[in-house]
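Each chain is listed here by its residues.
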Amino acid sequence: MTQQALSLPANQFTLTINGTTTRIKNLAPTMTLLAYLRQSGYVGTKEGCGDGDCGACTVAIAGKDSHGHPQYQAVNSCLVPIGAVAGRAVITAEGIANGQLHPVQAAMVEMAGSQCGYCTPGFIMSMFAAYYDGSLSDDICIEGNLCRCTGYVPIRKAAQLLAEAVPDDHFSAELVHRASDLSAIAYTGNEQQFYRPTELSEALQLLQQYPEATLVTGATDLGLEMSWHRRTYPVLISLEGIAALKQISQTDDYVEIGAAVPLSHIEDLLHGIFPSLDEMLHWFAARQVRNRATLGGNIGTASPIGDLPPVLLALDATVKLISINGDRNLPLVNFFKGYRQTELKQGEIIYSVTIPKKITSGANQRLSQSYKIGKRGTDDISIVAAAFVIDVDAEQRILHARLAYGGVAATPIRAIAVEEMLIGQPWNMTTVRSIKSALYEVFTPLSDLRGSANYRKMLIGNLFEKFFVEYSS
Ligand SMILES: Cc1cc2nc3c(=O)[nH]c(=O)nc-3n(C[C@H](O)[C@H](O)[C@H](O)COP(=O)(O)OP(=O)(O)OC[C@H]3O[C@@H](n4cnc5c(N)ncnc54)[C@H](O)[C@@H]3O)c2cc1C
Ligand code: FES
Ligand code: FES
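Because the structure is a prediction, the values reported are computed rather than measured.

Reading guide: rules and limits
- Residues numbered from 1 in each chain as written.
- Chains lettered and ligands numbered in written order.
- Predicted model: local features only at pLDDT ≥ 70, side-chain atom pairs only at ≥ 80, totals over all residues.
- Helix = DSSP H or I, 4+ residues; strand = E, 2+ residues; numbered from the N terminus.
- Rg over C-alpha atoms; globule rule 2.2 N^0.38 Å.
- Buried ≥ 20, exposed ≤ 12 C-beta atoms within 10 Å, placed from the backbone.
- Pairing = 2+ DSSP bridges.
- Axes fitted to C-alpha atoms, helices over the stretch in contact; angles between N-to-C directions.
- Near = placed C-beta within 6 Å.
- Nonpolar A, V, L, I, M, F, W, Y, C, P; charged D, E, K, R; others polar.
- Domains from an automatic or database assignment.
- Contact = placed C-beta atoms within 7 Å.
- Core = buried A, V, L, I, M, F, W, Y, C linked by C-beta atoms within 7 Å.
- Arc of directions from axis to C-beta.

Visitor: Tell me about the overall build of the protein chain, and please be specific about residues and values.
Guide: Counting secondary structure elements, the protein chain contains 16 helices and 20 strands. Its C-alpha atoms give the protein chain a radius of gyration of 23 Å, near enough to 23 Å, the size a compact globule of 473 residues would have. In terms of overall dimensions, the protein chain has a C-alpha envelope of 70 × 55 × 40 Å along the principal axes. Each of the 473 residues in the protein chain was classed as buried or not, and the buried ones make up 48%.

As structure tokens, this is what we get:
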């Protein structure tokens, strides 16, 4: 993209739906993909909740997996701004039969996986994506889909029936041609501008040009504003096309994760390195959300109930911020300034997050885990999230302690005073019990619909005790 193209947005772009390329003209880039599909006659894609929770609107985008291989990605179309699929290929439930039912559809029929059918296209599309990436054997591919009538047994049986099948129909071959890289886009429609640069320097220049612009990456957070609140944005700068923000690199000492890497890629590529990160990603939303959500977005929202900040705080992560004037590294503990406030200055973006790897020597041992308490297992927001790291020596004396929480203060936060009290103490139940009373005093959480202040206070101490019970030798 040239600087001229950046400053002269076009009023149209193309989008391929079920193999047919259409021209999108003068539409607001914040219109959701779901709304566009339904008004264009693709009414097989259903609207249930409109906020990413039910999966009725699931469609597949022909994209790339964490290794760069072509892949269908299941996404919630109610959270995808239409600008974000400019130049891309989308498959809906109407597009997968090819003269005969697609194997996923046939399996649902055979197992009687549908009654009223409202949820069915969403389940079909989640299973369609999983059919091609080999992830049908567990329930994770359909954890983001709700069914109100059938009960899950027939649906799970349909998934299991397909799990052993070798995908050989025409979609496997077509995927290679359909899978699109995210090309540069400069678009204006309905008095809103949408930019998707592919170079970091272009994004930083755009931020100079439009200081009030809003950054967007996966839009799983901002998409709610567009879907539910019909909020408009005069200028949106999408970071999801910038390769530099989508790298994961690692050495013996650390892992650096680009701010725009989708969480499902982090799950795939870093599994087994940080147990507390694996655990929290497992409980983070559902597959469709993790296919788009990013670390940059999770930190960028500065939500006090974001799930990954406690994990990253406990692991002593640092965040790299970059602007046209250069970059700077901040310990994450210094990044959150207040409720929804961060150290990010105008013109800066989150570039990456660096996590040091476990460095223990001799008989020293690192214990580390995270916990999420919500109203239900998957696809729910935390009441309290916690992450702990304790290093002990051969005599089980505490050398290093990190206790980090979400949902207990205006920001994700560490219990620094308590961490200091733990140093030198024996790692045993007496220490944990004595520390629990100190923990109750450190934070003054609020009551809300999800949980009372008192319940949250109890969780602060009890989760630490749970950690001890699970990780004491
Ligand atoms: C159904 C559903 C379930 C969810 N479940 C969870 C959950 O279990 N746990 C949880 O923590 N969250 C959850 N979320 C919230 C959301 O998915 C996460 O916060 C996600 O990480 C946001 O990433 P994103 O890329 O989609 O951010 P976006 O929506 O694109 O952006 C979010 C904010 O971050 C800013 N931003 C984005 N990237 C950058 C960057 N590189 N630099 C600076 N600022 C940036 C944007 O300007 C915006 O203010 C859920 C959301 C939905 C809809
Ligand atoms: S309509 Fe429920 S997830 Fe989109
Ligand atoms: S069959 Fe009715 S919601 Fe699933």
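So that's the structure; there's more coming.
Visitor: Tell me what's going on with the sheet that holds strand β11 (residues 254-258), and back it up with residues and numbers.
Guide: The strand order across the open sheet formed by five strands is β10-β11-β16-β12-β13, and the pairing between neighbours is antiparallel. One side of each edge strand has no neighbouring strand; the edge strands of this open sheet are β10 (248-250) and β13 (326-331). Strand after strand, the sheet turns through a mean of 20° between neighbouring axes, direction not considered. Bridge count for strand β12 (residues 318-323) against strand β16 (residues 349-356) is five bridges, and the pairing is antiparallel. Directly across from Val-319, in β16, lies its bridge partner Val-353.

Visitor: Kindly report on the site of ligand 1, identifying the contributing residues and their values.
Guide: For ligand 1, the set of nearby residues contains 34 residues, the closest of which are Gly-52, Gly-218, Gly-296, Gly-297 and Gly-300. If you list the elements that add at least two residues to the shell around ligand 1, you get β8 (214-216), α8 (222-227), α12 (295-300) and β16. The element contributing the most residues to the shell around ligand 1 is α12, with four residues. The residue inventory of the shell around ligand 1, partitioned by class, reads 17 nonpolar, twelve polar and five charged.

Visitor: Quick rundown of the domain arrangement of the protein chain? Include the residues and the values.
Guide: Bring the parts together and some accessible area is lost; that lost area is often taken as the interface size. Taken domain by domain, the protein chain holds domain 1 (1-245), domain 2 (246-356) and domain 3 (365-470). The C-alpha centroid of domain 2 is placed 23 Å from the C-alpha centroid of domain 1. At the interface, 31 residues of domain 1 touch 27 residues of domain 2. If you list the elements that add at least two residues to the side of domain 1 that touches domain 2, you get β4 (70-76) and α7 (200-209). In terms of residue count, the dominant contributor to the side of domain 1 that touches domain 2 is α7 (five residues). Of the residues contributing to the side of domain 1 that touches domain 2, the split by class is 15 nonpolar, 13 polar and three charged.

Visitor: Can you break down the nonpolar core residue by residue, with the values?
Guide: One finds Ala-60, Met-127, Phe-128, Leu-312, Ala-386 and Phe-388 to be the most contacted residues of the largest nonpolar core, which totals 142 residues. Among the elements that line this core, the one with the most residues is strand β18 (residues 382-392), at nine residues. The contacts of Ala-386, once residues within four sequence positions are left out, are Pro-310, Ser-370, Tyr-371, Ala-404, Tyr-405 and Leu-463.

Visitor: Describe helix α6 (residues 170-178), and please don't skip the residues or the numbers.
Guide: Considered for burial, the residues of α6 that qualify are Phe-171, Leu-175 and Arg-178. Across the axial projection of α6, the buried residues extend over an arc of 75°, all falling on one side. Opposite the packed face of α6, turned more than 90 degrees from it, sit the exposed residues His-170, Ala-173, Val-176 and His-177. On its buried face, α6 is in contact with β3 (58-64), β4, β5 (89-91) and α4 (120-133).

Visitor: Go over the pairing of β12, please, and point to the residues and values.
Guide: Here β12 runs beside β13; their pairing, made up of six bridges, is antiparallel. Looking at β13, one finds that Ile-322 is bridged to Asp-327.

Visitor: So what's going on with the sheet that holds strand β9 (residues 235-238)? Which residues, and what values?
Guide: An order of β6-β7-β9-β8 is seen for the four strands of this open sheet, with the pairing classed as mixed. If you trace the sheet from one side to the other, it starts and ends with β6 (185-189) and β8, each paired once. On average, each strand axis in the sheet is tilted by 20° relative to the strand beside it, whichever way the strands run. Here five bridges tie β6 to strand β7 (residues 192-196), and the two strands are oriented antiparallel to one another. Each bridged residue has a counterpart across the sheet, and for Thr-188 the counterpart in β7 is Gln-193.

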